[in-house]
Amino acid sequence: MHFDTSAVAHSVYIHWPFCPYRCHFCPFVALASHDQFMGRYHEVLKKEITDLIAKTGQKPLLKTIFFGGGTPSTYPNPLLLDMFGTLEGMFLFGKDIEITIEVNPGTVSLDQLKVWKEVGINRLSIGVQSLKDGVLQKMNRHQTADQVYFLLNNAKDYFDNLSVDLILGLPEVSEREWKDLLEEVVTWPIKHLSMYFLTIHENTQLYFQVKKNTVVLPADDAVVDLYYWSRDFLQEHGFEQYELSNFAKPGYESRHNTMYWERKPYYAFGLGACSFDGMRRFQNEQNLMKYMHGVEQGKSIISFSEELTPQQVRLERIMLGLRRREGVTCEAIMEGLGSEACADIARAIVQLREQKLLTDANGQLRLTPAGLALENQVIMQLSS
Ligand code: SF4
């Protein structure tokens, strides 16, 4: 199965897997101590891009580009400049293109900020996570609050659109400390904030530490209460919630992420990168050597692909839609179903509204705060 190159995709994701350390909670395709492969990987990325886009027979128009990782802020300047040469050769950049790079404090120099601005990057997504150095050190994330301040103070002179990521539910962060953090964050020169729950992914270092009780996590109820407090606090301070984990000043919603949630097609390049052509999802090889060798030899580097069934499409629409401010329409949930199945879903909607788990405003369904806590149950009822 191959990416349908006649699909109209306006977004590109580029994966840069290199990291200066491996955080204990990390579930991503990320590699520490592999910097010696950066140069070769960069060449391979360019080849993967040019090989695929040449098949489209045109220069696709791009509205968003996202450099994710890994730690893309370790992409060396000369190589990044070269990457933009390739991108500009293969694509047309839309007038208002959003170009995001994920950035980790402690990995950024002033020179990099200048080069990023020069090449057209206009959005920084900064992995703050916490300002408690000790907590991050224990998670093997070697960054400090001072590095966060250095980055923010300098980045604001180059970029208007700054976003920060925070992790809610880290061990050894008290309720007061979390609230202090948010009270400080809303004073920063940022336009966007993503707040993720700490999730324990199987086979991460943290997973084993929690199993052995060497790390004790805060109680779920306490974390959920803090989430609601944070949501209200952020809204009071001008950050509107537009997705379960995402808050933005008006007009600064992430256009790249919105593209994912709207299930639009996108190209994705790099180790383990996942792409979507509108009908099929693909994942690249996750082994660095196999990935690089495959691209160099002109072989397929797709390790997984699937064509979505109508039921999967519906489930994705429900899952992604319910998490968003816009919600999901009844029509989108019922599309393609017979009258009996539609009647079942209509009954489920009535029941979920009575249980105050869903709201229905002119046919747009959204989760209530109580529904957020029971998200999986709601999705199950709407999709079965
Ligand atoms: S910096 Fe990000 S990608 Fe790298 S190891 Fe840590 S969480 Fe994973």
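Residues numbered from 1 in each chain as written. Predicted model: local features only at pLDDT ≥ 70, side-chain atom pairs only at ≥ 80, totals over all residues. Heavy atoms only, no water.

Neighbouring the ligand are the residues Cys19, Tyr21, Arg22, Cys23, Phe25, Cys26, Phe28, Ala30, Gly70, Thr71, Asn104 and Arg141. Class assignment for the residues of the shell around the ligand results in seven nonpolar, three polar and two charged. (Near = heavy atom within 4 Å. Nonpolar A, V, L, I, M, F, W, Y, C, P; charged D, E, K, R; others polar.)

Here the chain is described as being made up of domain 1 (11–261) and domain 2 (310–383). For the pair domain 1 and domain 2, the summed buried surface comes to about 970 Å²; carbon and sulfur atoms form 53% of the total. A per-residue breakdown of the area domain 1 buries against domain 2 is headed by Tyr228, Leu244 and Trp261, which together make up 49% of the total. In this assembly, domain 1 and domain 2 are joined by three salt bridges. Between Arg325 and Glu253 there is a salt bridge, and its shortest N-O distance comes to 3.2 Å. Inspection of the domain 1/domain 2 interface yields five residue pairs in polar contact (both at pLDDT 80 or more). Top contributing element to the side of domain 1 that touches domain 2 by residue count: strand S9 (residues 240–243), with four residues. Within the side of domain 1 that touches domain 2, the residues separate by chemical class into six nonpolar, three polar and four charged. (Domains from an automatic or database assignment. Buried area = accessible area lost by both parts, 1.4 Å probe. Salt bridge = Lys/Arg side-chain N within 4 Å of Asp/Glu carboxyl O. Polar contact = N/O pair within 3.5 Å; in protein donor to acceptor, adjacent residues only side chain to side chain. Helix = DSSP H or I, 4+ residues; strand = E, 2+ residues; numbered from the N terminus.)

Okay, the nonpolar core next. Counting residues in each nonpolar core, the largest one holds 94 residues, and the members touching the most others are Phe67, Phe91, Trp116, Ile121, Leu124 and Leu322. A total of seven residues in this core trace back to one element, the largest contributor, which is helix H1 (residues 38–56). Counting residues domain by domain, this core receives three or more from each of domain 1 (11–261) and domain 2 (310–383). Discounting residues that sit within four places of it in the chain, Ile121 has contacts with Leu80, Phe84, Ile99, Ile101, Trp116 and Phe159. Counting residues in each nonpolar core, the second largest holds 13 residues, with Cys23, Phe25, Cys26 and Leu170 among its members. (Core = buried A, V, L, I, M, F, W, Y, C linked by side-chain atoms within 4.5 Å. Buried < 20%, exposed > 50% of the residue type's maximum accessible area, 1.4 Å probe, protein only. Contact = heavy atoms within 4.5 Å.)

What follows concerns the sheet that holds strand S17 (residues 364–367). One open sheet holds the three strands; their spatial order is S15-S17-S16, and the pairing between them is antiparallel. Every other strand in the sheet has two partners, leaving strand S15 (328–329) and strand S16 (358–361) as the edge strands with one partner each. Here two bridges tie S15 to S17, and the two strands are oriented antiparallel to one another. Within the sheet, the bridge partner assigned to Thr329 lies in S17 and is Gln364. (Pairing = 2+ DSSP bridges.)

Attention now moves to the pattern of salt bridges. Tallying each qualifying case throughout the model produces 27 salt bridges. Taking the shortest distance from any N to any O, the salt bridge between Arg325 and Glu240 comes out at 3.1 Å. Highlighted residues: Arg325 in the loop between helix H11 (310–322) and S15 and Glu240 in strand S9, separated in sequence by 85 residues. Its relative accessible area of 32% is what places Arg325 among the partly exposed residues. Judged by its relative accessible area of 37%, Glu240 falls in the partly exposed class. The residue Arg317 makes a salt bridge to Glu335 at a minimum N-O spacing of 3.7 Å. In this pair, Arg317 is assigned in helix H11 and Glu335 in the loop between helix H12 (330–334) and helix H13 (339–354), connecting sequence segments 18 residues apart. For Arg317, a relative accessible area of 24% gives the class partly exposed.

Before going further, it helps to examine the packing of aromatic side chains. Inspection of every chain in the model, using the stated rule, returns 20 aromatic pairs. For the ring pair Phe91 and Tyr267, a centre distance of 5.9 Å and an interplane angle of 55° mean the geometry is tilted. One end of the pair, Phe91, is in the loop between helix H2 (77–90) and strand S5 (92–103); the other, Tyr267, is in strand S11 (residues 267–269), and 176 residues separate them in sequence. For the pair Tyr267 and Phe269, a centre-to-centre distance of 6.3 Å together with 15° between the ring planes defines the contact as stacked. As far as the burial class goes, Tyr267 and Phe269 line up, both buried. Through a chain of ring-to-ring contacts, the aromatic side chains of Trp16, Phe18, Tyr41, Phe67, Tyr75, Phe84 and Tyr291 assemble into a single cluster. Directly above the ring of Tyr252 sits Lys191, whose terminal nitrogen or CZ lies 5.3 Å from the centroid. The ring of Phe276 has Arg281 lying over it, and the distance from NZ or CZ to the ring centre is 3.9 Å. (Phe/Tyr/Trp six-rings, centres within 6.5 Å; stacked < 30°, edge-to-face > 60°. Lys NZ or Arg CZ within 6 Å of the ring centre and 35° of its normal.)

Moving on, we come to the packing of helix H6 (residues 175–185) against helix H8 (residues 220–236). Two elements in contact, H6 and H8, have axes whose closest approach is 11 Å; the angle formed by their N-to-C orientations is 20°. Comparing the axis directions of H6 and H8 gives the class roughly parallel. Judged by the twist between their axes, the crossing of H6 over H8 is right-handed. Contacts between H6 and H8 pair Glu175, Trp178, Lys179, Leu182 and Glu183 from the former with Leu226, Trp229, Ser230, Phe233 and Leu234 from the latter. For the contact of H6 with H8, the residue count by class is six nonpolar, one polar and three charged. (Axes fitted to C-alpha atoms, helices over the stretch in contact; angles between N-to-C directions. Parallel < 35°, antiparallel > 145°, perpendicular 65-115°, else oblique. Left-handed = near helix turned anticlockwise from the far one by under 90°.)

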